[in-house]
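Tertiary structure, described
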Amino acid sequence: MYPVRKQTFYMLFFAFMFAVTIIMPVSGTVQADETPYNPVPYEEIHSILEEHEDESDRVSVEVIGESSLGHDLYSVVISEPEDDLEQIKAMREEMIANPEEAEDFIEENPDFKVPFMVNGSIHGDEYPGTDAVLQLIDRFAYDNDETTEHILDNNVLVFNVVNNPDGRILGTRQNAEGFDLNRDHVTLSQPESAANVDLITEWNPMVFLDLHGFIIRSNESPGLIEPTTGPHNPNYEHDLYLEHALDQAEAMEAELVANKQDYETDLYQNMEGTHIPYRDAEDGWDDYPPIFTPMYAMLHGIYGHTLETPNNSVDGVKWHFDAVMGSLKFASDNKMDMTKNQLDIFRRGIQFDHPEHDDGFFPEAYVLPVDETDPTVTEKAVNNLIRHDVEVEKAETSFTVDGDQYDAGTFIVPLDQPKASLANTLLWDGEDISDQASAMYDISAWNLPELWGFAAIPTDSEIDIQVEEAGELDIQGELIGDGPYEVPNSSVAAVSLVNELIQNDIPVYRGENGHFYVESSNGDTLRQAVEQSGITVNTASIPDDAEELDHVNVAVLQDGGQHGIRTALQELGFAVDEIEPQQITENGLDGYDVLVANGSGIDDSDAYRQNIHTFIADGGKYIAIGSSASNAAAELGLTDADIKTGARNSNGVVNVNYKDTSLTAGYDDQDVGFVYNPVWYTNIENDRVIASFADQDLFKAGFWEDAEAAQGQPVITKGNHQGVTLMGLEVGFRDHPEYLYRLLSNAIYPGDETILTTAAGMKERVERYENDGEFEDASAARSLSVHLEAVSHYEEQEAAEKVIKHVEGFQDLLDHQQANDMISEKAFNILNHDADALIEKWQ
Ligand SMILES: [Zn+2]
């Protein structure tokens, strides 16, 4: 019996939905007619599934997690009533652990069943995916035709029905946190992607189909089905995947074409095939980064495919339905050979036998030493690896490898394991692939050790010691001695601890060395917070230069920038509000201490500009991150540096020279950074520069063809006012480069970097302004230069009083020049402010 479905038509909901439906901006995109349809609202899905579970003995429904807004995520498993699902899961585990025995077993028992997984609408506004999943569930719950029998004889169907409830409800691609879940499979920062990964590792499916929209490369071949073009992630056993993936894609294509007479619109009735990037394109649709769900699944040895339906319509739903049917028929007919290739992937891993890879591509193992004082980052990494189903070992004794000694308790990730490809892709350094393609679809470097900030040392030596399997970690911190105490500026957890203490009214001081200090305390609050943080906090004297930290209120400009900045600030423990530019125009920034901008958002009004300048003049801090925000800062007159940008979508891990300032406390002189749409600053004096791209070999991994242009160029600078900081590094990108988050907290807390201005730097600025025609004549500039030369002389002698006296004289001269129209307003304002800063510095 079929359940009756109520489909309420929410007029406003759909009006909005069609307004946000966008054909993806790829080359050769063709617009086509769409027949509007009523996607099943999220709110109705639960009762639909419950009814199927009641009516059909093939269906089991489970809640597998919650979205960021707290909406349930549902898995539906469809199998023959007599199937023992626990036994099928156990057999999949056995296949991974013992692939050779498993191969013998399946040859003797060819009636084995394979899990086949379909993921519905990970992008919330790509509605047809979930609707197709619901129709597939409807069909396989009740039908008894030959095709159904054949498919259920060979497969267990596993559906993640609606992977992004927030997005389906809100009509957005992202979840309610603003995260694109189909970019989150390395970090697992969002509950929806984590639940997806848990479902994958629970079932270890043979096939994984991810249902998206909307692509029309040509009217003859609308839609898109992977496999992809290159560059391919070299960690794959790609030959074994490809042996069946292309055939499977063509089977889906054939099923679409075979059913074309049943579609409603011309586009579909006339289709001759679909776009298969591997077959039909040179590059531009790659499977390089494991952030995409099917690419991630491939690293589990799964046949992963992204499916892009042509458009948001009844036909678009049917397109997904038919494509999945094509794949199911193919998998049913080919499960033996497909499974054998999967087993071979696991066997290659376990036996360290990689015929398609150069010797040495995979190290024998990674060694993850644990920092005694602050183990929090390694702890997070180990827990992440375990959640990814990567085997992690813990040394039971101390040991030496490659001449270095490691303590008992050190973690080891051996690469002779079934999911070696996945382990290596999470821990390797990455590579420079700038010459491998004309364009990349998304990020091209993601390695966790550098971007999270933990050591993972590859070794080609064998580590022959006693180990135990590592389980999930929950390390307790410890407060040692009678205080006062030092909290190291070593991790996000450390900064979060500091902010928690401040919010609990426990005074915290920050030394010029960048570390934090707390007086001894009788109460339990400090001890409990430290224990929870995972950090060992030792007794140490508070340096004389330490300054007490105030509670700060941070505003983040909501402006369509790369999502993640707000999350990064929250993880650092700051109180954060997301505000719109319009709010600044109307209300100013009263009540906020810091404004962080990470996109192009700006309100084009005098009031906006005036309120930003007032905020900064009153001591507010303005932090601009990335190219759009840097350009916006220049438009607002907050910097007079030139903003230079690399080719669009260039991205990767870079080498950065960090100057020794409090803004860079906790980073080495030569350390890493991360860029996405790289930006750097020129026409800027040295006393504004906080960090520069390395002078040579700046690019470590990723895709950035014209990186040489940025070599040695400033990438973190101060603006015209010391309260303004510009960062070319994408420090909060998608909750990923956690190692760089402390550049934000360092910029937010007070520190010596707030006044880097020197008379020498001002003199260079005067020369630049003279070249730019900011002075009436050369003599005006010359007299300022002569004055600054003297100040510089006293600065070197550290003669504070004389510095101040002569800077005051310099300001008199500026006033005189301004009164006589000898200097532009811009040059006057900037130099006058510099002079104020210099006086403040030497007072
Ligand atoms: Zn999509």
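Below or above, wherever it landed, is the structure these notes cover. These numbers come from a predicted model, not from an experiment. (Residues numbered from 1 in each chain as written. Predicted model: local features only at pLDDT ≥ 70, side-chain atom pairs only at ≥ 80, totals over all residues. Heavy atoms only, no water.)

Bringing the sheet that holds strand β16 (residues 467–469) into the picture now. Across the sheet, five strands lie side by side as β15-β10-β14-β11-β16; this open sheet has antiparallel pairing. The open sheet has two edge strands with one neighbour each: β15 (457–459) and β16. The mean angle between the axes of side-by-side strands here comes to 30°, regardless of whether they run parallel or antiparallel. Examined bridge by bridge, strand β10 (residues 365–368) and strand β14 (residues 411–414) share four bridges and lie antiparallel to one another. (Pairing = 2+ DSSP bridges. Helix = DSSP H or I, 4+ residues; strand = E, 2+ residues; numbered from the N terminus. Axes fitted to C-alpha atoms, helices over the stretch in contact; angles between N-to-C directions.)

Coordination of the zinc ion by the protein comes from H123 (ND1), E126 (OE), E126 (OE) and H212 (ND1), over a distance range of 2.0 to 2.6 Å. Around the zinc ion, the four donor atoms are arranged such that angles at the metal cover 54 to 154°; this shape is classified as irregular. Between the donor residues of the zinc ion, the gaps in sequence give the motif H-x2-E-x85-H. Each member of the pair, H123 as well as E126, is classed as buried. (Donors = N, O, S within 2.8 Å, 3.2 Å for Na, K, Ca; no water. Tetrahedral: all angles 85-135°; square planar, octahedral: opposite > 155°, others 65-115°. Buried < 20%, exposed > 50% of the residue type's maximum accessible area, 1.4 Å probe, protein only.)

What follows covers unusual backbone geometry. In terms of backbone geometry, most residues other than glycine have negative phi values and most peptide bonds are trans. Note the cis peptide between G213 and F214, where omega equals 0°. Note on placement: F214 falls in the loop between β5 (207–213) and β6 (224–225). A cis geometry characterises the amide bond from G230 onward to P231, with omega recorded as -10°. Turning to its location among the elements, P231 is positioned in strand β7 (residues 229–232). In this model, D505 sits at a positive phi of 60°, which is unusual for a non-glycine residue. Residue placement: D505 occurs in the loop between α17 (492–503) and β19 (508–510). Looking at D505, the relative accessible area reads 71%, which means it is exposed. A positive phi angle, near 50°, is found at D697, a position not held by glycine.

Moving on to a negative patch on the surface. A contiguous patch of negative charge on the surface is contributed by E512, E519, D544, D545, E547, E548, D550 and D593. Note on placement: D593 falls in the loop between α20 (581–587) and β25 (594–597). On the basis of relative accessible area, D593 is assigned to the partly exposed category, the value being 31%. (Patch = residues over 30% accessible without salt bridge, like charges linked within 9 Å, V, L, I, M, F, W, Y side chains within 5 Å. Areas by Shrake-Rupley, 256 points an atom, 1.4 Å probe, with all protein chains shown as cover. Salt bridge = Lys/Arg side-chain N within 4 Å of Asp/Glu carboxyl O. Lys, Arg positive; Asp, Glu negative; His and termini not counted. Charge placed at Lys NZ, Arg CZ, Asp CG, Glu CD.)

Sheet architecture is open: seven strands sit in the order β1-β2-β4-β3-β5-β9-β6, paired in mixed fashion. Taken across any chain shown, the strands that pair with only one partner, and hence form the sheet edges, are β1 (59–66) and β6. When β1 meets strand β2 (residues 72–78), the two strands line up antiparallel, connected through seven bridges. Within β2, the residue paired with G65 across the bridge is L73. Sheet strands in contact with helix α3 (residues 85–97) are β1, β2, β3 (114–120) and β4 (155–160), and its direction is about 95° off that of β3. Across the sheet, helix α8 (residues 191–203) is in contact with β1, β2, β3, β4 and β5; its angle to β4 comes to roughly 170°. (Contact = heavy atoms within 4.5 Å.)

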